[in-house]
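Residue-level structure breakdown
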Amino acid sequence: MTYIHMTDEVIDNLEEFVETYGYWVTKIKKLEEEEEVNTINKEFVKSRKEIIGVIIPNSVTSIGDGAFKNCSSLKSVIIPNSVTSIGAYVFSNCSNLEEIEIPNSVTTIGDDAFSSCSSLEEIKIPNSVTTIGKGAFSYCSSLEEIKIPNSVTTIGEYAFADCINLESVIIPNSVTSIGESAFNNCSRLKEIEIPNSVTSIGESAFLDCINLESIIIPNSVTNIEKIGIPTKTKIISSDSPVLF
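If you're wondering where the values come from, they're calculated on a predicted model, not measured in any experiment.

Some points on the pairing of strand β16 (residues 234–237)
Covered by surrounding structure in β16 are Ile-235 and Ser-237 only, the residues Lys-234 and Ile-236 on the alternate face being uncovered. As paired elements, strand β15 (residues 214–217) and β16 share 4 bridges and run parallel to each other. Paired with Ile-215 across the two strands is Ile-235, which belongs to β16.

Written out as structure tokens, the structure is:
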């Protein structure tokens, strides 16, 4: 029997733990007892196909690049409030990951952090996050809605590209830039409102959003013809009710 979580309660009651959570967890290291580890990196995870559940201990402040990449059987992750950053490709291609809660301590979600998590239906981004990296949630084909908190200022390139079941996106007034192809091929997205705070939208940001019926966009955005809005989509200025 193997495990990653290190609290005495879990170690002493592994059978009860398995019954409660419904899965085995695989040993990476007995982190809190053997050493004060601040970062989990890809070297900790050896048998990537075997890990089904992970509870990260409180000693960890950073989850390094690619730490759980290609853990194709991983279904559930619990991240403690001690973690402040989620690196690039951390959960990339964890195709069975169904749920994850990002704590309020996290400020940065790295590039492609959750890319190709095709079973992920919902994710709550906390108010502590200021940057959503390039491709952070790209190819999350089961994701249906996303609410971006008012702490975020930048939505990276391809951040939600190819989220083919994404129907609802809420972008707050804190966001100033939306990267290239950020919502490319979000084919079920029907409407979106870009707040007045946004001054820059990258090329092809809404390319192949074939069912986009309307978009509200501020006059500060001047490259409308380059951001990939479908020709049938109503473009409404947020500064006036005039259609372009």
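Considering the confidence of the model for the protein
Residues at a pLDDT of 70 or more form 79% of the protein, whose mean pLDDT is 83. Confidence drops under pLDDT 50 across residues 1–14; counting only partners more than four residues distant or on other chains, this segment forms 32 contacts. Note that pLDDT drops below 50 for residues 20–35; the model gives that stretch 51 contacts with residues more than four away or on any other chain.

Notes on the sheet that holds strand β2 (residues 53–55)
Adjacent strands of a sheet pair through backbone hydrogen bonds, lying either parallel or antiparallel. Spatial ordering of the open sheet is given by β2-β4-β6, a layout of 3 strands whose pairing is parallel. Sheet topology places β2 and β6 (99–101) at the edges, where each strand pairs with a single neighbour. The sheet shows a mean angle of 5 degrees between the axes of neighbouring strands, direction not considered. In this structure, β2 lies alongside strand β4 (residues 76–78), joined through 3 bridges in parallel fashion. Directly across from Gly-53, in β4, lies its bridge partner Ser-76.

Regarding the pattern of salt bridges
All chains considered together, the criterion is met by 1 salt bridge. Two residues, Arg-188 and Glu-167, come together in a salt bridge whose shortest N-O distance is 2.7 Å. In this pair, Arg-188 is assigned in the loop between β12 (177–178) and β13 (191–193) and Glu-167 in the loop between β10 (154–155) and β11 (168–170), connecting sequence segments 21 residues apart. Assessed through its relative accessible area of 39%, Arg-188 is described here as partly exposed.

Comments concerning the nonpolar core
Judged by nonpolar contacts, the single largest core of 65 residues is most densely connected at Phe-68, Phe-91, Phe-114 and Phe-160. Once residues lying within four places of it in the same chain are set aside, the contact partners of Phe-91 are Phe-68, Leu-74, Val-77, Ile-79, Ile-86, Leu-97, Ile-100, Ala-113, Phe-114, Ser-115 and Cys-117.

Side note on the side chain of Asp-112
Looking at where Asp-112 falls in the secondary structure, it is placed in the loop between β7 (108–109) and β8 (131–132). Here Asp-112 occupies a buried position and makes no salt bridge, while the nearest side chain of opposite charge, Lys-69, is found at 8.5 Å. In this view, Asp-112 contacts Tyr-89, Ser-92, Lys-134, Gly-135, Ala-136 and Ser-138; residues no more than four positions away in its chain are not counted.

Some remarks on the pairing of β15
Of the pairings in the sheet, the one linking β13 to β15 comprises 3 bridges and is parallel in character. Bridge pairing links Glu-191 to Ser-214 in β15.

Definitions and limits used
- Residues numbered from 1 in each chain as written.
- Predicted model: local features only at pLDDT ≥ 70, side-chain atom pairs only at ≥ 80, totals over all residues.
- Heavy atoms only, no water.
- Buried < 20%, exposed > 50% of the residue type's maximum accessible area, 1.4 Å probe, protein only.
- Helix = DSSP H or I, 4+ residues; strand = E, 2+ residues; numbered from the N terminus.
- Pairing = 2+ DSSP bridges.
- pLDDT = per-residue confidence, 0-100.
- Contact = heavy atoms within 4.5 Å.
- Axes fitted to C-alpha atoms, helices over the stretch in contact; angles between N-to-C directions.
- Salt bridge = Lys/Arg side-chain N within 4 Å of Asp/Glu carboxyl O.
- Core = buried A, V, L, I, M, F, W, Y, C linked by side-chain atoms within 4.5 Å.
- Lys, Arg positive; Asp, Glu negative; His and termini not counted.

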